[in-house]
Amino acid sequence: MLALQRLGDVLTAARVTDALSRRRSTLAVEVIHWDATTQAAALLPGLAARHALPFAALRKGARAHTLAPLRLLASRLADLNGPRAFDRVVNLSSTRFACWLAPALLAEGGTMHGPSIDAHGRFVSSHPSIAYLNEWGVDPELGTFAHQDLYALAAGVRMTGWGGLRPVGGRRTGPVVLHPFGSERAKDWRTPLEWRELIGRLRAQLGRPCVLTGGPGDARGLAEIASGTDATISTAPLSASIELLAMATGLVSVDTVAIHAAAAVDCPTVVLRQGPAQGLAFVPGSNALCVDASRDSATPEEVTMLAERQFSDTPAPLFVDPSWRMRIRVREGHRDEFGLLGLQQPSWIKNDDAALVDDESDRLWRVAWRSELERDTPPANVLEALMNGRGRFDAQRWQALLQSPSGLGVAARACQRPNRRAA
Amino acid sequence: MSRRPTPVLVKSGDSGAVPMPVVAEPAGGIAIVEPNTAHNTKQAAPPPARTGEPLVLWICDPPANAPPGSTACTPEQASAWARGLLPDWLQRRRIDGVLVQCDPTAPATVRRAARSLRERVTPHEPAGLRQLAALWGHAAVVDATARVTSRGAPTFADLARALTRGEDPESTRLARLCWALEHL
């Protein structure tokens, strides 16, 4: 299995490694990852071996001359391929590097799952879910599936019935965990001062101690936020963070590895999403409340109000100010009857009917695309509903679909024609 | 993870000098190095451990200023190597990639020494790459580099195309790796 991405993406491969390793026909599952994501790869269940490729050394070698990284990569692959290579290669990364590399790991007559590039440089999707991912990408307006689900479908993994890395249930009595820093500054939420204010509010409202987490490189920034509060700081490795999240009351985090770690141990999470983090592609799990910044990001007071409900077993109803909808979008993760992740308005938000229209639109788009993923014909009434949809993204989704070479695109164009004639 | 002490090259003035790992105490992320004179330079010392990964030669004086993970080299030594023969160990390491670096704010003499050694160890045209391919000794790569006709330093795409023209399966596999590296 190729998981050549960031820490969080590698963690989302847990469902796939677990499922594949439990199959009777599987001799062993091995994962190839970048050396910088060793901590996440170490948490993946069911693995017989993990192989770290040296990202920095390959990049460094490329600065010297072309043969240096070629020799290094070839020797690492010779070591991990052994005399026979692999019967099945599951690629969970859409980078061109991974798409070129994946077939080099296949034994003769082996099967490729996930995206790859053939010897003539042509993209090969191997499954309609990857064709969808390639065509629609992770566009926050167009996409209606979590990208981790699309990769899992391509790997042939059943989407229902995975319990995560730990048995779920039991009362959560641990601290409130806050994770302020991600890998990109564009994903940051507000200022250190406002994080400090949030700590004060959460402490007062929930009565639990707060722990600030991050990587070793974040220590100074975390100390700045923690100053003047009674919050503690943890820059412990990912395995220790998983233990902390397994007992934590909840997590408030930007879009980074912490939210995927929380999803793997069913920890209730408030995800503060800005910039490229929005949309349905990056939903970590069904226990996450995604707070998307629109014109502005949520205030510390609003985040506290949301966290209080998200971390509670019996959340109090919330009647939102109508101006909210212009600034932020609040939705919780859920898995539909097919086990696919989506986002919907939490049941405790009471007065936002427009959000319900958007949720129904997302649901119908998933129904339509699922028929394509199952190589089936989409129900005619669903296509009609999408063509006339009133959801916030229905118009651009329909226009994009009319250009799509997929079977669903063909069906959409056929649906459009009689309507035009009638008009 | 503990950090290994930075190996340091012995100042000998001899262009064939072998690098001398020197006892170092990590402090604040930078290795403090004992003066080279404390060591018996007649005793053969191992070159920097070979891992298949690129070697970073850091040109500085004193050698203790080299950042962790790099191999320190004095400007005098770098200039001597740039003008004359490269020592065997460094010649062998060229196939793994040798990056010659220095502090961008270092004196002009240091920057000049780094630049001239960099010119010496980095191949800039197909002929240089053919030399390195011979050093690697991989038949498919030797054949492919003989077919590369680019004007400047060959790119991964140049090498991939040349490998694709080889008909054995190993050339095809290496061409695929080149295309992958083109997109790293």
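These figures come from a predicted structure and were not determined experimentally.

Draft legend 1. Quick peek at the overall build of chain A. A count of helical and extended segments in chain A gives 18 helices and 15 strands. Radius of gyration (C-alpha) of chain A: 23 Å, near the 22 Å computed for a compact globule of 423 residues. Principal-axis analysis of the C-alpha atoms gives chain A an extent of 65 × 60 × 45 Å. In chain A, which comprises 423 residues, the share counted as buried stands at 47%. Taking contacts inside chain A between residues at least 6 apart in sequence as the whole, the part at least 24 apart equals 58%.

Draft legend 2. Inspection of the overall build of chain B at higher detail. The helix and strand tally for chain B stands at seven helices and seven strands. When its helices and strands are written in sequence order, chain B yields β-β-β-β-β-β-α-α-β-α-α-α-α-α. Out of the 184 residues belonging to chain B, those deemed buried represent 39%.

Draft legend 3. Region of the structure containing the sheet that holds strand E11 (residues 250-254) of chain A. Residue and element names in this part refer to chain A. Taken in spatial order, the eight strands of this open sheet run E10-E9-E8-E11-E12-E13-E14-E15, and their pairing is mixed. Both edges of this open sheet fall to strand E10 (232-234) and strand E15 (341-344), since each of them pairs with a single strand only. Across the sheet, the axes of successive neighbouring strands diverge by a mean angle of 25°, strand direction being ignored. Relative to E10, strand E9 (residues 210-213) runs parallel, the two sharing three bridges.

Draft legend 4. How the structure looks around the environment of Ala 157 of chain B. Residues and elements named next belong to chain B. By the secondary structure assignment, Ala 157 is in helix H6 (residues 156-164). A count of 14 C-beta atoms within 10 Å places Ala 157 in the partly exposed class. For the pair Ala 157 and Cys 178, spaced 21 residues apart in sequence, the C-alpha to C-alpha distance is 6.8 Å.

Draft legend 5. Quick peek at helix H13 (residues 300-310) of chain A. Listed in full, the buried residues belonging to H13 of chain A are Val 303, Thr 304, Leu 306, Ala 307, Arg 309 and Gln 310 of chain A. Tucked inside the fold, the buried residues of H13 of chain A contact helix H9 (192-206), E11, strand E12 (269-273), strand E13 (288-293) and strand E14 (328-335) of chain A.

Draft legend 6. Summary view of the domain arrangement of chain A. Residues and elements named next belong to chain A. Parsing chain A into structural domains produces domain 1 (2-154), domain 2 (176-350) and domain 3 (363-422). Of the residues lining the interface, 10 residues belong to domain 1; the matching set on domain 3 comes to 12 residues. Counting residues per element, the side of domain 1 that touches domain 3 draws most heavily on helix H7 (residues 128-136), which supplies five residues. Grouping the constituent residues of the side of domain 1 that touches domain 3 by class yields six nonpolar, two polar and two charged.

Draft legend 7. View of unusual backbone geometry. A cis amide bond, omega 5°, links Asp 61 of chain B with the succeeding residue Pro 62 of chain B. For Pro 62 of chain B, the position within the fold is in the loop between strand E5 (55-59) and strand E6 (71-73). We note that Ala 85 of chain A has phi near 65°; this positive angle belongs to a residue other than glycine. Among the secondary structure elements, Ala 85 of chain A is positioned in the loop between helix H5 (67-81) and strand E4 (86-90).

Draft legend 8. Here's a closer look at the pairing of E4 of chain A. Residues and elements named next belong to chain A. Pairing of E4 with strand E5 (residues 106-113), which is carried by four bridges, proceeds in the parallel orientation. Along E5, the bridge assignment pairs Val 90 with His 113. A crossover connection joins E4 to the parallel E5 through helix H6 (residues 96-101); in handedness this β-α-β unit is right-handed.

Draft legend 9. Fine view of the interface of chain B and chain A. With 31 residues of chain B in contact, the opposing surface of chain A contributes 28 residues. Of all elements in the fold, only strand E7 (98-101), helix H4 (126-136), H6 and helix H7 (169-182) of chain B reach the threshold of two or more residues within the side of chain B that touches chain A. Of the residues forming the side of chain B that touches chain A, the biggest block, nine residues, is contributed by H7 of chain B. Looking at the side of chain B that touches chain A residue by residue, the class counts come to 21 nonpolar, six polar and four charged.

Draft legend 10. Up close: the sheet that holds strand E1 (residues 2-3) of chain A. Across the sheet, three strands lie side by side as E1-E2-E3 (chain A); this open sheet has parallel pairing. The open sheet has two edge strands with one neighbour each: E1 and strand E3 (49-53) of chain A.

Draft legend 11. Focus on the packing of H7 of chain A against helix H15 (residues 353-373) of chain A. Residue and element names in this part refer to chain A. Orientation of H7 relative to H15, taken along the N-to-C sense of each, is 125°, at an axis distance of 8 Å. When the axis of H7 is compared with that of H15, the two are oblique. The chirality of how H7 crosses H15 is right-handed. Residues Pro 128, Ser 129 and Tyr 132 of H7 pack against Trp 369, Glu 372 and Leu 373 of H15. Partitioning the contact of H7 with H15 into residue classes produces four nonpolar, one polar and one charged.

Draft legend 12. Here's a closer look at the environment of Leu 364 of chain A. Residues and elements named next belong to chain A. Locating Leu 364 in the fold gives a position in helix H15. Taking the C-beta count within 10 Å as the criterion, Leu 364 has 21 such neighbours and is therefore assigned buried. With 241 residues separating them in the primary sequence, Leu 364 and Phe 123 have C-alpha atoms 29 Å apart. What Leu 364 contacts, discounting residues up to four positions off in sequence, is Val 382, Ala 385 and Leu 386.

Scoring rules and cut-offs
- Residues numbered from 1 in each chain as written.
- Chains lettered and ligands numbered in written order.
- Predicted model: local features only at pLDDT ≥ 70, side-chain atom pairs only at ≥ 80, totals over all residues.
- Helix = DSSP H or I, 4+ residues; strand = E, 2+ residues; numbered from the N terminus.
- Rg over C-alpha atoms; globule rule 2.2 N^0.38 Å.
- Buried ≥ 20, exposed ≤ 12 C-beta atoms within 10 Å, placed from the backbone.
- Contact = placed C-beta atoms within 7 Å.
- Pairing = 2+ DSSP bridges.
- Axes fitted to C-alpha atoms, helices over the stretch in contact; angles between N-to-C directions.
- Domains from an automatic or database assignment.
- Nonpolar A, V, L, I, M, F, W, Y, C, P; charged D, E, K, R; others polar.
- Right-handed = clockwise from strand over helix to strand, strands pointing away.
- Parallel < 35°, antiparallel > 145°, perpendicular 65-115°, else oblique.
- Left-handed = near helix turned anticlockwise from the far one by under 90°.

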